[in-house]
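Each chain, letter by letter, is given below.
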Amino acid sequence: MVFGENTALDVAIEVENLKCKKAFIVSDRDLIKSTDIPEKIKKALGNLCVGIFSDVEPDSGIHIVNQGAKLGVELGADCIVSVGGGSVIDTGKGMAILLKEGGRLQDYVGFQVLTRPQTPHIVIPTTAGTGSEVTYVAVIKDHEGGKKLIFGDYNIVPNVAILDPKMTEGLPPRLTAATGMDAMCHAIEALHSLQREPIADGIALHAIRLIKEFLPKAVDNGKDMKARGQMLIAANMAGIAFSNAQVGLVHALAHSVGAKFKVHHGLANSILLPACLRYNADACGEIYLNVLSALGVNIERIQPDEAGDVLADKIVEFTKKLSLPQKLRDVGVPEKGLKECSEIALSDGAIIYNPKFVTDSTEILRIYQLAW
Ligand SMILES: [Fe+2]
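None of the values given here were measured: they were computed from a predicted structure.

Details of the domain arrangement of the protein chain
Taken domain by domain, the protein chain consists of domain 1 (2–167) and domain 2 (173–371). Facing 24 residues of domain 1, the contacting portion of domain 2 comprises 28 residues. Broken down by secondary-structure element, the contributors of at least two residues to the side of domain 1 that touches domain 2 are β8 (147–152) and β9 (160–163). With 3 residues, the single largest contributor to the side of domain 1 that touches domain 2 is β8. In terms of residue class, the side of domain 1 that touches domain 2 is built from 9 nonpolar, 9 polar and 6 charged.

Some details on the sheet that holds strand β7 (residues 137–142)
An order of β5-β8-β7 is seen for the 3 strands of this open sheet, with the pairing classed as mixed. With partners counted over all chains shown, the strands left at the sheet margins are β5 (110–111) and β7, one partner each. Here β5 pairs with β8 via 2 bridges, running parallel. Paired with Gly-110 across the strands is Phe-151, a residue of β8.

Section: helix α4 (residues 62–75)
Taking 1.5 Å of rise per residue, the 14 residues of α4 would be expected to cover 20 Å, and the 20 Å separating its terminal C-alpha atoms lies within 8% of that figure. Residues of α4 that are buried: Ile-64, Val-65, Gly-68, Ala-69 and Gly-72. Down the axis of α4, the sector holding all buried residues measures 130 degrees, keeping them to one side. Structurally, α4 contributes buried residues whose contacts are with β2 (23–28), β3 (49–56), α5 (86–101) and β7.

Notes on the packing of helix α9 (residues 249–261) against helix α13 (residues 338–346)
Relative orientation and spacing of two packed helices are given, respectively, by the angle between their axes and the distance between those axes. It is the contact of α9 with α13, at a shortest axis distance of 8 Å, that shows an interaxial angle of 130 degrees. Between α9 and α13, the angle falls in the class oblique. The way α9 lies across α13 gives a crossing that is right-handed. From α9, Ala-252, Leu-253, Ser-256, Val-257 and Lys-260 reach across to α13, where they touch Glu-340, Cys-341, Ile-344 and Ala-345.

Notes on the environment of Gly-152
Examined against the element boundaries, Gly-152 turns out to sit in strand β8. Overall, the presence of 18 C-beta atoms within 10 Å leaves Gly-152 in the partly exposed class. When the C-alpha positions of Gly-152 and Val-109 are compared, they lie 8.0 Å apart, and in sequence the two are 43 residues distant. Sequence-distant contacts of Gly-152, defined by excluding residues within four places in its chain, comprise Phe-111, Tyr-136 and Val-137.

Brief notes about the nonpolar core
Counting 129 residues, the largest nonpolar core has Ala-187, Ala-204, Ala-207, Ala-234, Ala-241 and Leu-253 as its most contacted members. If you tally residues by element for this core, the top one is helix α7 (residues 198–220), at 12 residues. Each of domain 1 (2–167) and domain 2 (173–371) accounts for three or more of the residues forming this core. Not counting residues up to four positions away in its chain, the partners in contact with Ala-204 are Ala-187, Ala-190, Leu-191, Ala-238 and Ala-241.

Cut-offs used in this document
- Residues numbered from 1 in each chain as written.
- Predicted model: local features only at pLDDT ≥ 70, side-chain atom pairs only at ≥ 80, totals over all residues.
- Domains from an automatic or database assignment.
- Contact = placed C-beta atoms within 7 Å.
- Helix = DSSP H or I, 4+ residues; strand = E, 2+ residues; numbered from the N terminus.
- Nonpolar A, V, L, I, M, F, W, Y, C, P; charged D, E, K, R; others polar.
- Pairing = 2+ DSSP bridges.
- Expected span 1.5 Å × (residues − 1).
- Buried ≥ 20, exposed ≤ 12 C-beta atoms within 10 Å, placed from the backbone.
- Arc of directions from axis to C-beta.
- Axes fitted to C-alpha atoms, helices over the stretch in contact; angles between N-to-C directions.
- Parallel < 35°, antiparallel > 145°, perpendicular 65-115°, else oblique.
- Left-handed = near helix turned anticlockwise from the far one by under 90°.
- Core = buried A, V, L, I, M, F, W, Y, C linked by C-beta atoms within 7 Å.

Put into structure tokens, the structure is as follows:
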């Protein structure tokens, strides 16, 4: 991990450290259109850059990854430099697999199917939320099947993450807030996961403290470099925490409304978090007291059995201050679509780590309705 203002401009050093010579930048059209960031990185790479693949869309799909990898092979790329948010980084992870292994991305769905290190991958995040620069997971959409596929493998953890607050400076307030809430969900879900463990707990709790303090500042003033930097660190820490502990119900439900109705991942998480906290409350009293404490709430008079509701209310208050939408109906999800989403969410890989076993899609439907 490299941290600091303008450190992204030293990306060539990282390429050389990895003993690579042909870096292939992965980015998205919006970033190229609205900022000079990909161009700056290209310039910083100089002769080490063989080209830019800029066709990544929000919720990147399998066909995009296959297409990008094909181009990378043609250019003889030996290293991927992802410059963007979660969708770009996950596309970069998929391309890193295909540049090494060949074939189509569909052949590598699932967990721990790879047997060797993949193509070297440097990540420069332009959002602070996904934590994908440090995780072993890529989520790629299967547009035909209408669902998100999960690729989980320790061989796809990027080699280098450059956390440069200058790279998130231009992110608009709403995206800053939504991506920041993704990180909040990673941290809270790592804490209540069935696979939680003390090291991830400590990392997640500190991520929550940082998000509580610095997300409102970064939303208020995007040029606040301290807030931007601390949010990059918070998102990174939350990513480390959930890499060990996994995420749960919130993400399972967010993946499915994201795939079906194109709701932004962070936004979906942010809206679904309070309803999921209320659902999990009776299994997580002590954990949610710890979260409340990290959020700066005096927990002396709060009983464990009321902690879930108090925390859900606190999250609602926090996201209202960030001017984020509060209900699924506000972000284009039709009520009649909830039933199908609940059936898809039941088979999402994240749901198995939820602290309460969810075995029936009607339970999920009730949570969706509460958030609708
Ligand atoms: Fe997430």
